[in-house]
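# Examining the three-dimensional arrangement
Read off the chains here:
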Amino acid sequence: MADEAKEIESMIEIAVYDTKTYDREFLVRAASGEPILWRFHEFRLSADTAPAAQGAKAVCIFVNDQADRACLEALAALNVKLIALRCAGYNNVDLTAARELGIAVVRVPAYSPHAVAEHAVGLLLSLNRKIHRAYNRVRELNFSLSGLVGFDIHGKTVGIIGTGRIGRIAAQIFSGFEAKVIAYDPIPMPDWANTYHIQYTDLNTLLATSDILSLHLPLVAETRHLLNSQTIATTKPGVFIVNTSRGKLIDTTALIAALKSGHVGGVALDVYEEEEGIFFQDLSGQVLLDDELSHLLIFPNVLITSHQAFLTYEALSEIARVTIKNILQFDDGGPFLEGTTL
Ligand code: NAD
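Residues numbered from 1 in each chain as written. Predicted model: local features only at pLDDT ≥ 70, side-chain atom pairs only at ≥ 80, totals over all residues. Heavy atoms only, no water.

## Structural notes on the packing of helix 11 (residues 252-261) against helix 12 (residues 291-298)
At a minimum axis distance of 11 Å, the contact between helix 11 and helix 12 shows a crossing angle of 30°. Relative to helix 12, the element helix 11 is oriented roughly parallel. The handedness of the crossing between helix 11 and helix 12 comes out as left-handed. Here helix 11 contributes Thr252, Thr253, Leu255, Ile256, Leu259 and Lys260 to the contact with helix 12, which in turn contributes Glu292, His295 and Leu296. (Axes fitted to C-alpha atoms, helices over the stretch in contact; angles between N-to-C directions. Helix = DSSP H or I, 4+ residues; strand = E, 2+ residues; numbered from the N terminus. Parallel < 35°, antiparallel > 145°, perpendicular 65-115°, else oblique. Left-handed = near helix turned anticlockwise from the far one by under 90°. Contact = heavy atoms within 4.5 Å.)

## Focus on the pairing of strand 4 (residues 82-85)
Burial of strand 4 is two-sided: the residues Leu82 and Ala84 facing one way and the residues Ile83 and Leu85 facing the other way are all buried. The pairing of strand 3 (residues 58-61) with strand 4 spans four bridges and is classified as parallel. Across the sheet, Cys60 pairs through a bridge with Ala84, a residue of strand 4. Regarding topology, helix 3 (residues 69-77) serves as the crossover connection from strand 3 to the parallel strand 4, and that connection is right-handed. Pairing between strand 4 and strand 5 (residues 104-106): three bridges, direction parallel. Pairing of Ile83 across the sheet is with Val105, part of strand 5. (Buried < 20%, exposed > 50% of the residue type's maximum accessible area, 1.4 Å probe, protein only. Pairing = 2+ DSSP bridges. Right-handed = clockwise from strand over helix to strand, strands pointing away.)

## Re the sheet that holds strand 10 (residues 239-243)
With parallel pairing, the seven strands of this open sheet are ordered in space as 8-7-6-9-10-11-12. The open sheet is flanked by strand 8 (199-200) and strand 12 (302-304), the only strands paired with a single partner.

## Notes on the pattern of salt bridges
Inspection of the entire model under this criterion finds eight salt bridges. With a shortest N-O distance of 2.8 Å, Glu318 and Arg321 are connected by a salt bridge. Within this pair, Glu318 and its partner Arg321 are both found in helix 13 (residues 313-331), separated by three residues, close to a single helical turn. Residue Glu318 is classed as partly exposed on the basis of its relative accessible area, which comes to 22%. (Salt bridge = Lys/Arg side-chain N within 4 Å of Asp/Glu carboxyl O.)

## Notes on the site of the ligand
The local shell around the ligand holds 23 residues, among which Tyr111, Ile166, Asp185, Leu217 and Thr244 are the closest. One of the backbone N or O atoms of Leu217 is found 2.8 Å from an oxygen atom in the ligand. Within the contact set of the ligand, a nitrogen atom lies 3.5 Å away from a side-chain nitrogen or oxygen of His307. Within the complex, 85% of the 870 Å² of free accessible area of the ligand lies under protein. Of the residues that constitute the shell around the ligand, the class distribution is ten nonpolar, nine polar and four charged. (Near = heavy atom within 4 Å. Polar contact = N/O pair within 3.5 Å; in protein donor to acceptor, adjacent residues only side chain to side chain. Areas by Shrake-Rupley, 256 points an atom, 1.4 Å probe, with all protein chains shown as cover. Nonpolar A, V, L, I, M, F, W, Y, C, P; charged D, E, K, R; others polar.)

The structure is reproduced here in structure tokens:
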């Protein structure tokens, strides 16, 4: 008994917020034999739920946890020293406050960019070729093809906004369709673009000439509502928009107006502006209180998935592996894996 207590005492206690069964499964398996004591919480981190990290040295969070200043102050008061994001995006953490409070922040910068890029293309294909509607129809023994006309991606202009890890793979996949792929990124990668015959252009030209827009940029103050009523008005009539990045990159009210007017031809979303508290939850049987999401869901030319682009075996394994490595390296006093600290 005493040995067991000693062993537990020497372990690194981690409070894991917003945990689903797959998080537990992959984290527990990857940490086998490591001195980590997991404390899994299904609820998300916020200033209100920070006290559940009592006794933990680190908290492990995901995309919709809210590590704002008030929350970080509460964590600092509990002596939490590390926030380990099990995702790439970090817009939900107040990095300035974390630095001031002496809380290190680490993330998993790249787990499987293929998972997200492949999902973006998969969403576009389903939406354009109406596979989601055909699936339901055929199950009802309705074998009619009326209303299921799509378009070839071949020969279309695909505009990739953000050519980081995910955007580059999405661009390469679209090139495989023999689409004309153009891209905008404030930090272009000309060698890569030459290799894959991708043309960089400015954002205005990209918006005005793309038949398909795919967003692969981070959410920061400057990119919030990148697609708004003004910018959407400059896009090509009938444009298809794919967003697997962050919901707040698009002004939902403006998007709905453009769908209603018919200016936007189709929208595939894996992320939604107000997804927090909705996505990742089973709300079936409940009343959906978000009017804009309800509205989006009834458009026949809108396809929404619930932030699942990352959800592949390969990505979850890598998230668990890097998260555990980050935690252990922090406990050893660093240094962190290159690129994981913020
Ligand atoms: P990354 O950091 O590798 O690349 C982002 C790129 O965007 C960079 O090249 C950067 O220069 C560029 N960029 C920055 N500001 C820009 C702007 N104003 N206009 C155009 N480009 C700009 O990031 P990544 O790993 O490729 O991730 C891309 C997005 O995907 C992020 O928003 C991330 O949060 C999101 N993501 C979503 C999921 C999901 O499951 N849906 C999973 C992982 C990542």
